[in-house]
Protein chains: 2
Amino acid sequence: MEKEKTVTQRLEALRGEMRRRNIAAYIVPTEDFHSSEYVGEYFKAREYLSGFTGSAGTLLVEGDGAALWTDGRYFLQAREQLKGSGITLMKSGQPDVPTLPDYLAEKLGEGEVIGFDGRCVTGAFVKRLQDKTRHKQITFYGGEDLAGLVWPERPSLPARPVWELSVEYAGLTREEKLAKVREQLEKKGADAFLTTALDEIAWLLNLRGDDVKNTPVFLSYLLLSQNSAALCAQGSAVSEDIRLKLEQAGVILYPYEDIEERLALLPAKTRLLADHRRVSYRLLQAIPEGVERLSEESPIERLKAVKTPQERAGIQSAHVKDGVAVTRFMHWLKTHVGKETITEMSAAQKLEEFRAEMEGYLGPSFDPIVAYGPHGAVVHYEATPETDAVMRAEGLCLADTGGHYKEGTTDVTRTIALGRVTEEEKRAYTLVLKGHLRLGAARFPEGVCGQNLDVLAREPLWQEGLDYNHGTGHGVGCLLSVHEGPQSFRWRITKDASCVPLEEGMILSNEPGFYLDGQFGVRHENLELVRKGEQTAWGQFLYLEPLTMAPFDRDAIETALLTEEERKWLNDYHREVYRTLAPHLAQEEQNWLREATAAEKV
Amino acid sequence: MEKEKTVTQRLEALRGEMRRRNIAAYIVPTEDFHSSEYVGEYFKAREYLSGFTGSAGTLLVEGDGAALWTDGRYFLQAREQLKGSGITLMKSGQPDVPTLPDYLAEKLGEGEVIGFDGRCVTGAFVKRLQDKTRHKQITFYGGEDLAGLVWPERPSLPARPVWELSVEYAGLTREEKLAKVREQLEKKGADAFLTTALDEIAWLLNLRGDDVKNTPVFLSYLLLSQNSAALCAQGSAVSEDIRLKLEQAGVILYPYEDIEERLALLPAKTRLLADHRRVSYRLLQAIPEGVERLSEESPIERLKAVKTPQERAGIQSAHVKDGVAVTRFMHWLKTHVGKETITEMSAAQKLEEFRAEMEGYLGPSFDPIVAYGPHGAVVHYEATPETDAVMRAEGLCLADTGGHYKEGTTDVTRTIALGRVTEEEKRAYTLVLKGHLRLGAARFPEGVCGQNLDVLAREPLWQEGLDYNHGTGHGVGCLLSVHEGPQSFRWRITKDASCVPLEEGMILSNEPGFYLDGQFGVRHENLELVRKGEQTAWGQFLYLEPLTMAPFDRDAIETALLTEEERKWLNDYHREVYRTLAPHLAQEEQNWLREATAAEKV
């Protein structure tokens, strides 16, 4: 048996392939063919070639060197893992570090060739590269996966069974959804529509799968017109029963690899909608010359964001189960810490066990963040055996976790006091809570978007010159991706990012935070359902209803910092949490929850 | 002497001119050649032809009819004034009323001609017309002012003396300003720049005039390149001394009418920046074919918005004077109402007298709004002899007024209790005050724009299902237009409207309101200066400092509705008002102000 190659040997093999094709620089991103948030083992070429295992990073291999761009979460890890590889670490976002396109624009010579697997980069990414390197007449080679050529042990593509989501959960049949999308296409003046987003295809067809970590979707492409629908997916994953049902809805199954062929068959003058920010460079290249391209937001994105009544009911029921699991976990953690060895990883495992006990639980909706003490200040912390901290009966533990249940998806953060907490921790905990409560209590007329409301969550921190460097909230899929658009809570208004008015039935997370480097982190997160309130002479008003049901740890609240209104909001929420969860809890847990949700007095 | 013509005769005369030129529909807007907010007598062709005297409206004359579009402020007045004219009233914004372009697109026949004075409509306006009527091959005739041809008694163009604003007020010499604008042009890749905005030209050249009502500017156009500057203005208005000083700064004076000729001389391939949302159709037509057009925001707009330290100091000093006048007015009104006959118009006159007593006062910065009782609910109410209400010693009087002083410009609204006020009035007054105080107390990092903060002013109303149908605040010029961009407080985020981050030195009004049709209106307005606060690990923070110094009438406050924070903000502000104004007041006024600014207790 051949010994496993070193990173240096792997890079040399790739350089050999590059030389044979006269490629000066080869880009290996962390992407699958669908711009998915998580990528499966098959797609980890960047990890194979660099040795760096973080979830984000782009490798650039040149004839005489290599560089890896990654973000602040991974600076330490990348430094360790890249040691001895000859790969330069490029710290994205640091003042003197160029972006990959800027670096290439500077470094490459006149007329040189940039290579990449055109299926793993979006059209928009290549457009940016083109814009930056135009002055040097750079050309692009995106037709071949060179990394694949030098990776003999590459895992195969996943092809787990596709399953059907019944309409009692989805609320709309696939026929109804297809009709809605076709109506939108007509409005946009499009004859055909290509989507490669796995959650959009799963939503549209009421199908689910298990090909992507933390996301119950399946590898596929969809090409839709007014009178035809081609689903390109792995035949081995789709049962005959589902294939027939799809056919009844007018959806014909083709092999996964056939998408380029399907595109090539589009007649001239077809107006094809394909969002070049999402669709891969290679597929965009496969569109025949005579086809007119509309690069607009997918019409599915907004349809999917507004949950059906059945989805809302399912999600609410999932949140009761999830609340029971999280409450049990909080009770267990607070009563066991310091008495037995509990680490970040073992605590995450315990919470997973509490969730797994709930009926209909399918698995985590994202990699759990259970971060103790200073680790709480690392926004996307993920404990590894090397960092796994033992918890003591003091300080704060930040737990940001979520699950998929057959009725819906959850995402919740609680910051838990494990014993004594400092005045500073209490103060930060309470300021963040004030923001969370204020945003949660917002009432606003139709037309208002997340960018208008974000300040409500931040103002208590801003008043003290404090802030957090992330958005306040994201959309959440229903048994799909835990992060979805188009709506969000954030304050930056950019030309590109659309401001999407909130609508009844949308779900957003409400998760302000505060992080003090090397000391502690606080984040409070509920999912909120947008609901219709009263209609007055001034418009139709909307409000937010918390879906998440779990107590905010009162042990870390500095009550004096809460206004009367804020105390009322907190007490009302806690009353609802107790009312909802108590019937599902054992007596001891119930007693604990009663105290944990007791009213804050002045 | 010929008898004055009736509206019908005037319209017939215009139709005669239209027939001679084969024009099917002629548009007469309410605009001068500069998209100014107010238009002078010379430009009131719409009023001459229709008999309608309101400040906003567009007349459309067809071969066999005529229609006038105006907004909700003027529905009643227009109905009265159009009686017997044969002109149909089109109520803009009402559900079944088409816009002017939609109406024309529907009504006109294939290949017909639309006429207008191309100097009084913007390029963007004509573009919208073109887009709507393209399917009918409509053509446009914008080279002649037909209304002028049938208006023998037309007043002449104003040409009041241009005067120089000394650098001790402006803070930057015209040479420095020209250099800054040229630097911006270079950044935008423009070789030349055309501006027709009178406030921009006045700002750039440190000159002022008196050609437009309420706005100390002068009729002019400016064509600027890196090495030349042509000012087209009326020679009779510019003294020899100023002409020489302009020449020293490289600015050559040409006749006002010569702007088209100057544009015609632009060499081919010049990249000319001219905002087609502001520049007239006719001037855009005058640009030679070979010139490349950049339709971008004028670089002056942002430069002008950030006040120099000298401007800030001047504006602050103007606000002390203005505060003295407004405080005297409030004291006078509250102590005299019911004892003598005071009407809306006489009260406005009294306030004007108080202002005129202050040194350096130049005149009103906009038409004063003094609205008693139900008139307060009419957002842009302007009392006329027909509507002028007598005030009684009860209810609310809304006074939104402002002035130009030689150091700067003010704009202030106070809602004054004239005696007994109802519970409903008090509640509304206090909710609006809460919003005003919350926005005024905002702290936020650099990058935040008005659209992010607007919710702070509205949330107290939104919580009750209430709102107001106007923006919360606008930029304010320094001895220029009282309304200027680009920054504002509003919540609607549209694709067109840019979101402009607030910067130290910008000024915005903070003026939430509440209006109950047929009953009363409340508005509270301070001007706020954006100031730099502390720099922390989370960024450079900014805050708002009130420029306006006048008490909020405590007689209408429902103290119990204020939170502890809000009471503190109000008391702090009132303490500052007293400290600032008291030294300038007579003993009796001082005594009154001490009580009027006393701390609110629980």
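In case you missed it, the structure is sitting above this.
Residues numbered from 1 in each chain as written. Chains lettered and ligands numbered in written order. Predicted model: local features only at pLDDT ≥ 70, side-chain atom pairs only at ≥ 80, totals over all residues. Heavy atoms only, no water.

## Remarks on the sheet that holds strand β15 (residues 361–364) of chain B
One key point about sheets: their strands pair by backbone hydrogen bonds, in either a parallel or an antiparallel sense.
Residue and element names in this part refer to chain B.
Right, so step 1: Taking strand neighbours across the sheet as the criterion, the three strands line up as β15-β18-β19 in an open arrangement whose pairing is antiparallel. A strand with exactly one partner marks an edge of an open sheet, and here the two such strands are β15 and β19 (408–409).
Right, so step 2: The pairing of strand β18 (residues 403–405) with β19 spans two bridges and is antiparallel. By the bridge assignment, Y405 is partnered in β19 with G408.
Right, so step 3: With respect to the sheet, helix α15 (residues 344–356) is in contact with β15 and β18, its orientation differing from that of β15 by roughly 160°. (Pairing = 2+ DSSP bridges. Helix = DSSP H or I, 4+ residues; strand = E, 2+ residues; numbered from the N terminus. Contact = heavy atoms within 4.5 Å. Axes fitted to C-alpha atoms, helices over the stretch in contact; angles between N-to-C directions.)

## What to know about the relation of the copies chain A and chain B
For these two chain copies, the linking operation is a rotation about an axis paired with a shift along it.
Right, so step 1: When chain A is fitted onto chain B, the two copies agree to an RMSD of 0.1 Å after a turn of 180° and an axial shift of 0.0 Å. One copy is carried onto the other by what is essentially a two-fold rotation axis. For chain A, the residue whose C-alpha comes nearest the rotation axis is N452 of chain A, separated from it by 2.4 Å. (Least-squares fit on C-alpha atoms with pLDDT ≥ 70 in both.)

## Quick look at the sheet that holds strand β19 (residues 408–409) of chain A
Residue and element names in this part refer to chain A.
Right, so step 1: Pairing in this open sheet of three strands is antiparallel, and the strands run β15-β18-β19 from one edge to the other. What marks the edges here is a single partner per strand, and that holds for β15 (361–364) and β19.
Right, so step 2: Set on the sheet, helix α15 (residues 344–356) makes contact with β15 and β18 (403–405); between it and β15 the angle comes to about 160°.

## Observations concerning the environment of G403 of chain A
All names here are of chain A.
Right, so step 1: Topologically, G403 is positioned in strand β18.
Right, so step 2: Its relative accessible area of 0% is what places G403 among the buried residues.
Right, so step 3: Counting along the chain gives 196 residues from G403 to L207, while the straight-line C-alpha distance between them is 18 Å.
Right, so step 4: Apart from the residues within four sequence positions on either side, G403 is in contact with D322, R355, Y361, G363, P364, S365, G408, T409 and T410. (Buried < 20%, exposed > 50% of the residue type's maximum accessible area, 1.4 Å probe, protein only.)

## Topic: the interface of chain A and chain B
Right, so step 1: The interface of chain A with chain B comprises 33 residues on the first partner and 33 residues on the second.
Right, so step 2: Between chain A and chain B, a total of about 2800 Å² is buried, with carbon and sulfur atoms accounting for 63% of that surface.
Right, so step 3: The three residues of chain A that bury the most area against chain B are N452, W462 and W538 of chain A, which together make up 23% of that side's buried surface.
Right, so step 4: Seen at the junction of chain A and chain B, the total is zero salt bridges.
Right, so step 5: Inspection of the chain A/chain B interface yields twelve residue pairs in polar contact (both at pLDDT 80 or more).
Right, so step 6: Counting only elements with at least two residues in the side of chain A that touches chain B, the list comes to β21 (443–445), α17 (450–462), β25 (513–516) and β27 (526–536) of chain A.
Right, so step 7: Top contributing element to the side of chain A that touches chain B by residue count: α17 of chain A, with seven residues.
Right, so step 8: Along the lines of polarity and charge, the residues of the side of chain A that touches chain B split into 20 nonpolar, six polar and seven charged. (Buried area = accessible area lost by both parts, 1.4 Å probe. Salt bridge = Lys/Arg side-chain N within 4 Å of Asp/Glu carboxyl O. Polar contact = N/O pair within 3.5 Å; in protein donor to acceptor, adjacent residues only side chain to side chain. Nonpolar A, V, L, I, M, F, W, Y, C, P; charged D, E, K, R; others polar.)

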